[in-house]
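Tertiary structure, described
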Amino acid sequence: IPDTWYAFTDQKNHPNVKEKSEMKRQENIYELIYTERNHHRVLKIMQKIFIGQMRKELGFSREKAAKFFPDLDELAAISKEFLIRLMKRQEESLTSETPVIEKISDILLNFWNSDWGERKAIAYGRLCARQHDSLRLYKEEIKNNKRFNSFIQKYKAHRLTKRLDIPDCIQLVTHRLTKYPLLLENIIKNTKNDDSEREETINALDIVRKIAQSVDG
């Protein structure tokens, strides 16, 4: 999948958006969707490869495996819901004459200002509160458990993990929450032709910031 809206919509061969600020806005929206897809991929790597195979190959209990990544299933479910909404809007834009997402603020507000946003705040709070314990457990197992060490090396070399291991995944996921305000700020900066869309996106940004602050606090 291309990493820019310009390439994704083949603007080189089919240029149909001429206003620079709108092109930038579409790139900003595309970045939000593209990076959410990557975020969800990291969560699935943890679910299916590391935690799933850990239980199957090493015989770890559900409780022990869960300690490596608290609230993993909840975070994956939340990200999946957000991504489904974003990708549906993206698919709808591709059926129009110009592949432009006119409105994104409704998705942002409806998601973040809802039970999903609250669930995300709670899940991230648990993950961040327990990440030091997770990393301590990981280091202990690496040091004292040869089978675990071999397991990690095996799956770091897996084609889907791209050399990521458990600490990398934890870091990527915990940092994701801090990225949302930056992504929304860029969308707002380039939303110049629709005051209501801009205002609603600002409202969504305020909610995202409060959630991020509640986790940090």
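Here goes a summary of the coordinates provided. (Residues numbered from 1 in each chain as written. Predicted model: local features only at pLDDT ≥ 70, side-chain atom pairs only at ≥ 80, totals over all residues. Heavy atoms only, no water.)

**Quick notes on the nonpolar core**
Filter applied, for reference: The term nonpolar core refers to a set of buried residues drawn from Ala, Val, Leu, Ile, Met, Phe, Trp, Tyr and Cys, joined through side-chain atoms within 4.5 Å. Only protein chains enter the accessibility calculation, which uses a 1.4 Å probe; a residue whose area is less than 20% of its type maximum is buried, one above 50% is exposed, and one in between is partly exposed. Secondary structure follows DSSP: runs of H or I at least 4 residues long count as helices, runs of E at least 2 residues long count as strands, and numbering of each begins at the N terminus. Throughout, a residue-residue contact means that at least one pair of heavy atoms, one from each residue, lies within 4.5 Å.
Ranked by size, the top nonpolar core spans 57 residues in total, and within it Phe50, Met54, Phe68, Phe69, Phe148 and Ile166 carry the most contacts. Those elements that place two or more of their residues in this core are helix H2 (20-58), helix H4 (72-93), helix H5 (105-112), helix H6 (115-144), helix H7 (146-156), helix H8 (166-189) and helix H9 (195-216). Ranked by the residues each element gives to this core, the list is headed by H2, at 12 residues. Not counting the four nearest positions on each side in its chain, phenylalanine 148 is found in contact with Met54, Leu58, Phe60, Phe68, Tyr138, Glu141, Ile142 and Ile166.

**A closer look at the packing of aromatic side chains**
The condition that has to hold: Each aromatic pair joins two rings of Phe, Tyr and Trp (for Trp, the six-membered one) with centres within 6.5 Å, and gets the label stacked for planes under 30 degrees apart, edge-to-face for over 60, and tilted for any other angle.
Tallied over the entire structure, the rule returns 14 aromatic pairs. Ring plane angle 25° and centroid distance 4.5 Å describe the contact between phenylalanine 82 and phenylalanine 111, whose orientation is recorded as stacked. Of the two residues, phenylalanine 82 is situated in helix H4 and phenylalanine 111 in helix H5; the sequence distance between them amounts to 29 residues. Ring geometry for phenylalanine 111 and tryptophan 112: centres 5.5 Å apart, planes at 85°, overall edge-to-face. Each member of the pair phenylalanine 111 and tryptophan 112 is classed as buried. Put simply, the rings of Phe60, Phe68, Tyr138, Phe148, Phe151 and Tyr155 touch in pairs and so form one group of aromatic residues.

**Here we look at the environment of glutamine 26**
Structurally, glutamine 26 can be placed in helix H2. Relative accessible area serves as the criterion here: at 1%, glutamine 26 is assigned to the buried category. Between the C-alpha atoms of glutamine 26 and tryptophan 112, which are 86 residues apart in sequence, the distance is 21 Å. Discounting chain neighbours no more than four positions away, the residues touching glutamine 26 are Trp5, Pro99, Val100 and Ile101.

**Points about the side chain of lysine 156**
The line we're drawing: Positive: Lys, Arg. Negative: Asp, Glu. His and the chain ends are not part of the count. One side-chain nitrogen of Lys or Arg within 4 Å of one carboxyl oxygen of Asp or Glu is enough to make a salt bridge.
Along the chain, the position of lysine 156 falls in helix H7. Here lysine 156 occupies a buried position and makes no salt bridge, while the nearest side chain of opposite charge, aspartate 165, is found at 4.1 Å. Among all residues touching lysine 156, those that are not within four sequence positions of it are Thr161, Arg163, Leu164 and Asp165.

**A closer look at the packing of H2 against H4**
To be explicit about the condition: Note on geometry: axes are lines fitted to C-alpha atoms, helical ones only across the stretch in contact, with angles between N-to-C directions running from 0 to 180 degrees. Put simply, a crossing is left-handed when the front helix is turned counterclockwise from the back one by less than a right angle, and right-handed when it is turned clockwise.
Between H2 and H4, whose axes approach to 9 Å, the crossing angle comes to 145°. Every pair of crossing elements has a handedness; the one defined by H2 and H4 is left-handed. Packed against H2, whose contacting residues are Tyr30, Leu32, Ile33, Glu36, Arg37, His39, His40, Leu43, Met46, Gln47 and Ile51, the element H4 presents Leu72, Asp73, Leu75, Ala76, Ser79, Lys80, Phe82, Leu83, Leu86, Met87 and Gln90 at the interface.

**Some words on the state of the cysteines**
As a reminder, the rule being used: The term disulfide is used for any two cysteine sulfur atoms that are within 2.5 Å.
Counted according to the given criterion, the structure contains zero disulfides. Cysteine 128 takes part in no disulfide bond, and the closest cysteine sulfur to it belongs to cysteine 169, at a distance of 15 Å. For cysteine 128, a relative accessible area of 22% puts it in the partly exposed group.

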